[in-house]
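# Descriptive analysis of the structure
Each chain is listed here by its residues.
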Amino acid sequence: MKTPLPRSRPCINWSLMLGILLIACASLGLNPAHADSRAGATLAQQGGSGISACVSCHGARGEGQAATGFPRLAGQPQAYLLRQMQAFADGTRKNPMMEPIARALSAQQMRDLADHYAGLPGWSAPVKTGSPDPAAAPGPRLATAGNWDKEIPACFACHGPGGAGIAPHFPAITGQPRAYTRTQLKAWQAGTRSNDSQGLMKSVADRMTDADIEAVSLYLENPAATGRSE
Ligand code: HEC
Ligand code: HEC
């Protein structure tokens, strides 16, 4: 049996036309504010003129590298990623590997890359493995409750439950290589990372001892290892 065709179909679907027009404009570069995550993915994988492929350091899926301490980018808020690339380019965040790369990126490429990495899946806790490192013991407390005597607020108060981040400005801090978290906290203390708005992280880092930094960095790498991630 034949299904009857719908009787009166408009010959032009205006919203479809508008969609096609917008896509055409974007691909012609007529809409420079538009971020193109596919262009970002290609650049991340292949690099470009003066731009090394991001995957060679940040991992095939933006998951970072524990051994070298290169950070995870996948799943971080887009606005956060964009600000960091701008900071490496303008020198308010120092790093010999990232500064030249960021300076070689156009504003459009930065947006495309931020869009691409923000769209990849973020960290999720692996099944609880091994026994926790004893040096990580004070970590969960700092992360979830802070240290009132030293006026260190709970990390998760700003970074969200489980440290999973709150878009647009608070990055995820769980699942980052321990070496990376340690380096960042020390960079705020030393003033080599100074692009955070209102100096929020500098004032947190300045109150931390080396032992605090070690404990929280170990814990945040994999909160599941200590069995506490609330
Ligand atoms: C040669 C290795 C290398 C390459 C290639 C590289 N990066 Fe990085 N990237 C790093 C390192 C190391 C850091 C951490 C810097 C620090 O300690 O402040 C970093 C940090 C970042 C950050 C900040 C992350 C955060 O959580 O704050 C962003 C964003 C970033 N890179 C984006 C990119 C993009 C996009 C590309 C490709 C265009 C790229 N990187 C290529 C090594 C690299
Ligand atoms: C008052 C709010 C606040 C608190 C509390 C806080 N942070 Fe942050 N943190 C921020 C902001 C904002 C940023 C992003 C800074 C930027 O844009 O450069 C940040 C960034 C970070 C980063 C960099 C992440 C990356 O990918 O580079 C680390 C690591 C970090 N915080 C660790 C901690 C730890 C550990 C604690 C607890 C001891 C903590 N934070 C407590 C606001 C906070």
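Here is a short report on the structure shown in this document. (Residues numbered from 1 in each chain as written. Chains lettered and ligands numbered in written order. Predicted model: local features only at pLDDT ≥ 70, side-chain atom pairs only at ≥ 80, totals over all residues. Heavy atoms only, no water.)

## Description of the coordination of the iron atom of ligand 2
Operational definition: Only N, O and S atoms count as donors, using a 2.8 Å cut-off from the metal and 3.2 Å for Na, K and Ca, and because water is excluded some sites may appear unfinished. Metal sites are grouped by the angles between bound donors: all angles between 85 and 135 degrees with four donors is tetrahedral, opposite donors over 155 degrees apart with the others between 65 and 115 is square planar for four donors and octahedral for six, and any other pattern is irregular. Strands are runs of DSSP state E lasting at least two residues, helices are runs of H or I lasting at least four, and both sets are numbered from the N terminus onward. Think of it in three bands: with a 1.4 Å probe and only protein chains considered, a residue is buried below 20% of the maximum accessible area for its type, exposed above 50%, and partly exposed in between.
For the iron atom of ligand 2, the protein coordination sphere consists of His-159 (NE2) and Met-201 (SD), at 2.0 to 2.2 Å. Taken together, the six donor atoms coordinating the iron atom of ligand 2 span angles of 84 to 179 degrees at the metal, a pattern that classifies the geometry as octahedral. Residue His-159 is located in helix α8 (residues 155-159), and its partner Met-201 is located in helix α10 (residues 200-206); the two are separated by 42 residues in the primary sequence. For the pair His-159 and Met-201, one class covers both residues: buried.

## Looking at the site of ligand 1
We apply this condition: Each residue is tested against the molecule or strand, and it is near if at least one of its non-hydrogen atoms lies within 4 Å. Two N or O atoms form a polar contact when they lie within 3.5 Å of each other; inside protein one atom must be a possible hydrogen donor and the other a possible acceptor, and for residues adjacent in sequence the pair counts only when both atoms belong to side chains. Gly is put with the polar residues, along with every residue not named as nonpolar or charged; the nonpolar set is Ala, Val, Leu, Ile, Met, Phe, Trp, Tyr, Cys and Pro, and the charged set is Asp, Glu, Lys and Arg.
Taken together, 23 residues form the shell around ligand 1, and within it Cys-54, Cys-57, His-58, Tyr-80 and Met-98 come nearest. Within the side chain of His-58, a nitrogen or oxygen atom sits 2.8 Å from a nitrogen atom of ligand 1. Measuring from an oxygen atom of ligand 1, one finds a side-chain N or O atom of Tyr-80 at 2.6 Å. For the shell around ligand 1, the element with the highest residue contribution is helix α4 (residues 78-90), accounting for five residues. The class makeup of the residues in the shell around ligand 1 is 16 nonpolar, six polar and one charged.

## A look at the coordination of the iron atom of ligand 1
Coordination sphere of the iron atom of ligand 1, protein contribution only: His-58 (NE2) and Met-98 (SD), at 2.0 to 2.2 Å. Angles of 84 to 179 degrees at the metal separate the six donor atoms of the iron atom of ligand 1, which places the site in the octahedral class. Of this pair, His-58 sits in helix α3 (residues 55-58) while Met-98 is found in helix α5 (residues 98-104), placing the two residues 40 residues apart along the sequence.

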